[in-house]
Amino acid sequence: MKLNRDEIMKILPHRPPMLLVDEAELGENGESIGKYTVKGDEHFLQGHFPGNPIVPGVILCEMMAQSACVMFKDKPAALTLFTGMNNVHFKKPVVPGDTVVSTCTLVKSKGPFHFCKGEARVNGEIRASLEFSFALVPPDKVAK
């Protein structure tokens, strides 16, 4: 079952301009698959780099993490807070017009903490990969 942006916003607390998933679904093996097409007018491209826009690596990491949301669609509403990133690799730039397909697999969970591996591809070619962890935290439990 594919989720559109409206359905994704029922799972994720992110909103434009930081919602970086256009659609998401569960794959055959339980992995999440998310897609985002870089339009070229995103706020993060305005200064990165003038005349030669390239999606910042940290934004690719965020796209992968957000695409993992579909794996947790049946969990109670929560904020998804990054707790770590390891083995982050950037292979080739992502530019306006590219559709990023993020595939994430759940490695393990322990309480509110979840550990995943992710890859971002454009036209089947790996552009970035990482291992990441995050916590699902009820909104009223986040320290401010």
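Check the entry above for the structure.
Residues numbered from 1 in each chain as written. Predicted model: local features only at pLDDT ≥ 70, side-chain atom pairs only at ≥ 80, totals over all residues. Heavy atoms only, no water.

A word on unusual backbone geometry. Cis geometry marks the peptide bond from proline 16 to proline 17, where omega comes out at 10 degrees. Cis geometry marks the peptide bond from histidine 48 to phenylalanine 49, where omega comes out at 0 degrees. Counting through the fold element by element, phenylalanine 49 comes out in the loop between strand S3 (32–37) and helix H2 (57–67). For asparagine 123, which is not a glycine, the phi torsion comes out positive at approximately 50 degrees. Topologically, asparagine 123 is positioned in the loop between strand S6 (113–122) and strand S7 (125–137). Relative accessible area serves as the criterion here: at 78%, asparagine 123 is assigned to the exposed category. (Helix = DSSP H or I, 4+ residues; strand = E, 2+ residues; numbered from the N terminus. Buried < 20%, exposed > 50% of the residue type's maximum accessible area, 1.4 Å probe, protein only.)

Attention now moves to the layout of surface pockets. Taken as a whole, the largest pocket holds about 250 Å³ of empty space. Broken down by secondary-structure element, the contributors of at least two residues to the lining of the largest pocket are H2, strand S4 (79–90) and S7. When the residues that make up the lining of the largest pocket are grouped by side-chain class, the tally is 14 nonpolar, three polar and four charged. (1 Å grid on protein atoms, 1.4 Å probe; cavity = no way out; pocket = protein on both sides within 12 Å on 5 of 7 lines; lining within 4 Å. Points joined across faces, edges and corners; volume = space filled by probe spheres on them. Nonpolar A, V, L, I, M, F, W, Y, C, P; charged D, E, K, R; others polar.)

Right, let's get into the packing of aromatic side chains. Counted according to the given criterion, the structure contains three aromatic pairs. Considering the side-chain rings of phenylalanine 72 and phenylalanine 134, the 5.4 Å spacing of their centres and the 90 degrees angle between planes classify their relative orientation as edge-to-face. Here phenylalanine 72, found in the loop between H2 and S4, pairs with phenylalanine 134, found in strand S7; they are 62 residues apart in sequence, far enough to count as distant. With a relative accessible area of 8%, phenylalanine 72 lands in the buried category. Look at phenylalanine 134 and you get buried, because its relative accessible area is 6%. The interplanar angle of 80 degrees and the centroid separation of 6.1 Å between the aromatic rings of phenylalanine 82 and phenylalanine 132 together place this pair among those described as edge-to-face. You can see phenylalanine 82 sitting in strand S4 and its partner phenylalanine 132 sitting in strand S7, a full 50 residues away along the chain. Classification of phenylalanine 82 by relative accessible area gives partly exposed; the value is 35%. By way of ring pairs, the aromatic residues Phe72, Phe82, Phe132 and Phe134 are connected into one cluster. Sitting over the face of the ring of phenylalanine 115, lysine 108 holds its NZ or CZ atom 5.2 Å from the ring centroid. (Phe/Tyr/Trp six-rings, centres within 6.5 Å; stacked < 30°, edge-to-face > 60°. Lys NZ or Arg CZ within 6 Å of the ring centre and 35° of its normal.)

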